[in-house]
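# Descriptive analysis of the structure
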Amino acid sequence: QKLNTIGEMSCNPSFGGIGKGQLLREIDALDGIAPKICDMSGIHFRVLNRRKGPAVWGLRAQIDRDQYKKNMQNYMSEIPDLTIREDTVEDLVITQDKNQSIVSGLYLGSGEVIHSKSVIITTGTFLKG
């Protein structure tokens, strides 16, 4: 909703662990952004459960919250053909095609309608924006 909250982290500024660490490695393999920004913003990196077997090792990075937010905003602003907008999605544009409902866009709080071939819905970290 607000441009200045892009990259905002919760009160626990860490990425990784046993479960989320695996997810981050998968995101990294797909050339995702979050692991890159973690590398740029990390202040402490460690392997959890090192005394146990490799199946339960978990990579974790402590992140500088301010640096992560700054690096994420800079990175996002430089992606070609990406327009970042500050607005609220109020509703989905639903169209009918052969007895099938299709999400084909968004109604914004500003009154604008954005039409699209696809819409990805996420809640983000902070549900109140």
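One can find the structure itself at the top, above this paragraph.
Cut-offs used in this document
- Residues numbered from 1 in each chain as written.
- Predicted model: local features only at pLDDT ≥ 70, side-chain atom pairs only at ≥ 80, totals over all residues.
- Heavy atoms only, no water.
- Pairing = 2+ DSSP bridges.
- Helix = DSSP H or I, 4+ residues; strand = E, 2+ residues; numbered from the N terminus.
- Axes fitted to C-alpha atoms, helices over the stretch in contact; angles between N-to-C directions.
- Contact = heavy atoms within 4.5 Å.
- Phe/Tyr/Trp six-rings, centres within 6.5 Å; stacked < 30°, edge-to-face > 60°.
- Lys NZ or Arg CZ within 6 Å of the ring centre and 35° of its normal.

Attention now moves to the sheet that holds strand 1 (residues 14–16). Across the sheet, three strands lie side by side as 1-3-2; this open sheet has antiparallel pairing. Across the chains shown, the open sheet's two edge strands, defined by having one partner strand only, are strand 1 and strand 2 (42–48). Taken pair by pair, the neighbouring strands of this sheet meet at an average axis angle of 20°, ignoring direction. Lying on the sheet, helix 1 (residues 18–29) is in contact with strand 1 and strand 3 (58–63); it crosses strand 1 at an angle near 75°.

It is worth spelling out the packing of aromatic side chains at this point. The tally for this structure, following the rule as stated, stands at one aromatic pair. Of note, Arg50 hangs over the ring of Trp57, and the distance from its end group to the ring centre comes to 5.3 Å.

The next subject is the sheet that holds strand 4 (residues 89–96). Pairing within the open sheet is antiparallel, and its three strands lie in the order 4-5-6. Sheet topology places strand 4 and strand 6 (113–115) at the edges, where each strand pairs with a single neighbour. On average, adjacent strands in this sheet sit at an angle of 35° to one another, irrespective of strand direction. Sheet topology places strand 4 next to strand 5 (residues 101–108); seven bridges connect them, and they run antiparallel. Paired with Ile94 across the bridge in strand 5 is Val103.

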